[in-house]
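Commentary on secondary and tertiary structure
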Amino acid sequence: MTTLTVNQAPLSWWQSRVMRRFMSHRLALLGLVMISTLTLICIVGPWLLPYDSLYIDLRARFAPPMTGEHYLGTDPLGRDIAARLFMAGRISLLVGFIAMILATLVGTLVGVIAGYRGGWISAVLMRTVDGFLSYPSIFLLLALSAALKPSPMMITVIIAITGWMEVARIVEAEVRSLKEREFVLAGRMLGLSRAHIMFREILPNVTGPIIVAATLTVARAILLEAYVSFLGFGIQPPLPSWGNMLNGAQQYLATAPWLAIIPGIAITVAVSSFNFIGDGLRDALDVRNDGG
Amino acid sequence: MSAFLLNRFLQSVVLLVIVSIIGFTVLNLMPGGPMAQYGLDPGMTSDDLERLKEQLGLNRPILVQYFDWAWRLLQGDWGTSFRDGSPVLSVIGRHIFATLLLMGSSTVIAIAVGTWIGIRGATHRYSAFDYVATIGAMVALSIPTFWFGLVGIYIFSLELGWLPAGNMYTIGDGSALNYLHHLIMPSVVLALVHIAIWSRYMRTATLDVISQEFVKTARAKGVPERRVLMKHVVGNALLPMITLAGVQLPSILTGALVTETVFTWPGMGRLFLDSLGYSDFPVVMGLLMFSAILTILGNLIADIVVALVDPRIRLA
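Note that the structure is a prediction, hence the values are computed from the model and not measured.

Structural notes on the overall build of chain A
What chain A contains, in helices and strands, is 12 helices and zero strands. N-terminal to C-terminal, the α/β element order of chain A is α-α-α-α-α-α-α-α-α-α-α-α. Oriented by its inertia axes, the alpha-carbon framework of chain A measures out at about 75 × 45 × 30 Å. Here chain A, with 292 residues, has 53% of them falling under the buried criterion. Counted over contacts in chain A with a minimum sequence separation of 6, partners at least 24 positions apart contribute 70%. For chain A, the computed accessible surface area is about 13400 Å², with 66% contributed by carbon and sulfur atoms.

Considerations on the side chain of B:T261
Relative to the elements of secondary structure, B:T261 occurs in helix α11 (residues 249–262). Given the relative accessible area of 14%, B:T261 is considered buried. Sequence-distant contacts of B:T261, that is, excluding residues within four places in its chain, are made with A:L231, B:R270 and B:L273.

Thoughts on the confidence of the model for chain A
Residue and element names in this part refer to chain A. Taken as a whole, chain A shows an average pLDDT of 84; of its residues, 92% reach a score of 70 or greater. Ranking the helices and strands of chain A by mean pLDDT puts helix α3 (residues 81–117) first, with 92, and helix α1 (residues 2–23) last, with 60. Low pLDDT, under 50, characterises residues 1–8; the predicted model gives this stretch zero contacts beyond four residues in sequence or across chains.

Considering the domain arrangement of chain B
How big an interface is tends to be expressed through the accessible area that disappears when the partners come together. Annotation of chain B at the domain level lists domain 1 (2–74) and domain 2 (97–266). On a C-alpha basis, the centres of domain 1 of chain B and domain 2 of chain B stand 38 Å from each other.

A short note on the environment of B:R203
All names here are of chain B. For R203, the location among the structural elements is in helix α8 (residues 176–210). Considering only alpha carbons, one finds R203 and D130, 73 residues apart in sequence, at a separation of 9.5 Å. When sequence neighbours within four positions are dropped, the list of residues in contact with R203 reads G118, G121, A122, R125, Y126 and D130.

Some details on the interface of chain B and chain A
Tallying the contact residues gives 46 residues for chain B and 44 residues for chain A. Interface area for chain B against chain A, summed over the two sides, is near 3900 Å², with a carbon-plus-sulfur share of 80%. Among the residues of chain B in contact with chain A, B:M138, B:F146 and B:W147 are the three that bury the most area, contributing 16% of the side total. Between chain B and chain A we count zero salt bridges in total. Going through the elements one at a time, α1 (2–29), α6 (128–142), α7 (145–159), α11, α12 (268–277) and α13 (281–309) of chain B are the ones with two or more residues in the side of chain B that touches chain A. The biggest single contributor to the side of chain B that touches chain A is α13(B), with nine residues. Looking at the side of chain B that touches chain A, its residues break down into 37 nonpolar, nine polar and no charged.

Quick word on the nonpolar core
Among the nonpolar cores identified, the biggest contains 131 residues, and A:I138, A:L142, A:W242, B:W69, B:F146, B:F272 and B:L288 are the most heavily contacted of them. Among the elements that make up this core, the one with the highest residue count is α3(A) (14 residues). Lining this core are residues from two domains, each supplying at least three of them: domain 1 (2–74) and domain 2 (97–266) of chain B. Not counting residues within four places of it along the chain, the set of residues in contact with B:L288 comprises A:Y135, A:F139, A:L140, A:A143, B:V26 and B:F272.

Cut-off values and rules
- Residues numbered from 1 in each chain as written.
- Chains lettered and ligands numbered in written order.
- Predicted model: local features only at pLDDT ≥ 70, side-chain atom pairs only at ≥ 80, totals over all residues.
- Heavy atoms only, no water.
- Helix = DSSP H or I, 4+ residues; strand = E, 2+ residues; numbered from the N terminus.
- Buried < 20%, exposed > 50% of the residue type's maximum accessible area, 1.4 Å probe, protein only.
- Contact = heavy atoms within 4.5 Å.
- Areas by Shrake-Rupley, 256 points an atom, 1.4 Å probe, with all protein chains shown as cover.
- pLDDT = per-residue confidence, 0-100.
- Domains from an automatic or database assignment.
- Buried area = accessible area lost by both parts, 1.4 Å probe.
- Salt bridge = Lys/Arg side-chain N within 4 Å of Asp/Glu carboxyl O.
- Nonpolar A, V, L, I, M, F, W, Y, C, P; charged D, E, K, R; others polar.
- Core = buried A, V, L, I, M, F, W, Y, C linked by side-chain atoms within 4.5 Å.

And the structure:
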């Protein structure tokens with residue numbers, strides 16, 4: 001019973017202060033509403049529409065938005081854009097989310113070890129971070145996707161490979177500043193193992209910056225997926241993604257501009273939602289860094 | 001000063017080694033590795049491939065191969081393009097002008113507009129302008145560059161017919177004005193993200209400087225507000241921006257690649273993409289290494305410039 005109350009005390013503090021600050025951040029709330037709505041539509045939407053995202057109807061090619069039941073029009077193969085947009089949203093959001101989890105895991109691991117161990121371990125790890133940051137991310141991304149067969153999972157992994165460095169840098173700096181604090185010394189004197197100190201004692205104190213960086217990483221990952229898929233090296237058709245829906249849209253710009261405009265709006269809404277939320281979390285958790 | 005230079009230079013060399021290791025790893029991940037070109041030739045038997053591998057030294061330990069590759073890289077032998085057999089460095093050389101032109105003009109736009117927005121946001125803190133700029137910057141960072149380019153082409157080329165939809169110049173018309181006309185839209189599109197980043201940092205830097213003692217002193221001496229702002233505040237706020245310009249290099253290159261694709265701009269980005277399409281891996285590798293080296297050099301130069309301009313850093 002006593003442990004229960006002890007556990008609850010910080011929880012209610014979290015709820016009252018951080019949550020209140022986040023909730024009073026109007027832009028962050030807007031982001032939260034936008035992304036929840038978008039996610040919900042992408043999950044439920046395909047079931048509500050009369051057309052399947054892969055159903056080809058050559059009689060209905062290039063239908064402009066609001067033609068009959070094609071609310072957002074059709075593409076060059078007569079497939080319903082609304083249905084494709086929602087299916088694509090599932091893929092793009094999922095890729096962004098999983099890439100974020102992978103990138104955050106790797107970045108956190110590298111950051112904690114480099115920050116706590118210091119010395120040559122830190123030097124090697126952090127110079128590797130610098131090395132990865134020296135490449136334009138899209139060049140590395142495209143070269144890797146040409147090298148490895150671009151399945152959706154592989155694209156996700158590749159995006160994570162080009163996106164873990166910011167988290168690593170942030171975590172490293174935080175851990176380095178925390179490791180001389182009394183509670184760490186106390187842990188060391190108690191004879192706790194290094195892993196225990198790093199991941200059970202120090203890491204929980206870095207949660208705030210990690211959450212902020214992770215939110216911004218989702219935004220980045222969705223954008224990067226759109227970039228590679230737009231260029232034709234990401235998610236491969238017939239599987240739709242917001243990026244590959246735009247691939248090829250340029251040649252129909254004069255006759256069917258909605259092909260290019262609609263998926264781009266979806267990407268912008270999704271990415272700006274995560275950026276808004278990240279900004280709100282940064283204020284609420286009082287994290288002082290710029291994350292990118 | 002020389003100690004600082006030496007230290008900074010050594011750091012860059014270490015970074016170059018790490019970058020080359022990453023690059024070499026990617027090269028060996030490529031399908032067929034460095035032999036991809038020959039593997040595609042139907043007249044090539046697997047026996048031939050084995051023999052060639054031995055001739056080219058690809059059966060040696062990976063570490064030996066790495067040092068060999070890196071040594072040739074240092075000597076300027078970056079391999080030859082699979083497509084037309086010309087040296088990789090000269091292929092890159094043919095495309096670098098277009099990219100530098102695009103990057104340069106968009107950087108000028110980004111710095112000019114971003115600086116203005118940043119300073120105005122800092123001096124008129126929490127005003128309507130500041131809010132719009134803050135939200136606008138976050139939205140601008142969320143717009144995919146290529147999509148912004150497509151929308152630009154739709155509005156300004158197809159609907160209004162004011163600007164050309166692509167290419168660097170009209171064939172048969174190589175005048176500077178013609179180049180400029182073609183340059184406007186791609187460089188503005190590429191600049192958008194960097195205006196957003198630049199204005200955010202500039203706002204923070206200006207706020208940092210404005211609250212410092214020497215600004216108060218200048219005001220107390222009766223220096224006109226405009227002069228305080230232009231001379232004392234902006235001059236000092238721009239200092240950290242030099243470093244930012246160096247750090248932003250890879251992201252500008254990323255943007256350039258995407259922008260070049262949309263506007264059929266004959267630069268390094270298009271070259272990269274075309275080479276990927278042709279599985280021309282030596283050129284892909286060359287561009288990868290070239291862009292990383294450019295970034296490291298850019299950061300080095302930015303740091304040296306800051307050290308030269310800012311007397312406070314000289315002891316470091």
